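Chain by chain, the residues run as shown.
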Amino acid sequence: QVQLVESGGGLVQAGGSLRLSCAASGRTFSSYAMGWFRQAPGKEREFVAAISWSGDNTYYANSVKGRFTISRDNAKNTVYLQMNSLKPEDTAVYYCAAVRDYSGSYYIRSAVYNYWGQGTQVTVSS
């Protein structure tokens, strides 16, 4: 129903920036709430950021608040994660996720999301 493909990851120095993209295929992209999660080696997958279907409602993990910005362009079927002031502890595989939603809510629990991308590697050097 919805296929997600992340891109934009790579190697960056501490303090640098990256913008991740999550391109979606399928209909009714605007009817999906979206989220970003990440998983570092040996660690559990953790919530990063979420955005409602309209883009009017966003939420961030405390660890990235003020540094990361989630946004979406429904006309392009794409959600973004702008990452600034990157730290070595941000190193992880980043995943985007989608769940159908009409309420305007955001979701932080990974179990809520029905669709997941393959992930993109972000490595921040110290």
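Source: prediction; values computed, not measured. (Residues numbered from 1 in each chain as written. Predicted model: local features only at pLDDT ≥ 70, side-chain atom pairs only at ≥ 80, totals over all residues. Heavy atoms only, no water.)

**Q** Go over the overall build of the chain, please, and point to the residues and values.
**A** Per the secondary structure count, the chain includes 0 helices and 11 strands. Going residue by residue from the N terminus, the α and β elements of the chain occur as β-β-β-β-β-β-β-β-β-β-β. Against the 2.2 N^0.38 benchmark of 14 Å for 126 residues, the chain shows a C-alpha radius of gyration of 13 Å, consistent with a compact globule. Along the longest, intermediate and shortest principal axes, the C-alpha atoms of the chain span 40 × 25 × 25 Å. (Helix = DSSP H or I, 4+ residues; strand = E, 2+ residues; numbered from the N terminus. Rg over C-alpha atoms; globule rule 2.2 N^0.38 Å.)

**Q** Explain the nonpolar core to me, using residue names and the numbers behind them.
**A** Core analysis: the biggest nonpolar cluster contains 37 residues, and Leu4, Met34, Trp36, Leu81, Met83 and Tyr94 have the highest contact counts within it. Contributions of two or more residues to this core are made by strand E3 (18–25), strand E4 (32–39), strand E5 (46–51), strand E7 (68–73), strand E8 (78–83), strand E9 (92–100) and strand E11 (120–125). Ranked by residue count, the leading element in this core is E9, at 6 residues. Apart from residues no more than four positions distant in its own chain, Leu81 is found in contact with Leu18, Arg19, Leu20, Trp36, Val48, Ala49, Phe68, Thr69, Ile70 and Tyr94. (Core = buried A, V, L, I, M, F, W, Y, C linked by side-chain atoms within 4.5 Å. Buried < 20%, exposed > 50% of the residue type's maximum accessible area, 1.4 Å probe, protein only. Contact = heavy atoms within 4.5 Å.)

**Q** Any chance you could break down the pattern of salt bridges for me, citing the residues and the numbers?
**A** Any two side chains of opposite charge can pair if their charged atoms end up close together. Per the stated rule, a full pass over the model turns up 3 salt bridges. For Asp90, the salt bridge goes to Arg38, with nearest N and O atoms at 2.9 Å. With Asp90 in the loop between E8 and E9 and Arg38 in strand E4, this residue pair connects regions lying 52 residues apart in the sequence. Note on accessibility: Asp90 and Arg38 belong to one class, buried. Across the pair Asp90 and Arg67 runs a salt bridge whose closest N-O atoms are separated by 2.8 Å. Residue Asp90 is found in the loop between E8 and E9, and its partner Arg67 is found in the loop between strand E6 (58–60) and E7; the two are separated by 23 residues along the sequence. The pair formed by Asp90 and Arg67 is uniform in burial state, with each residue classed as buried. Through salt bridges with shared partners, a single network forms among Arg38, Glu46, Arg67 and Asp90. (Salt bridge = Lys/Arg side-chain N within 4 Å of Asp/Glu carboxyl O.)

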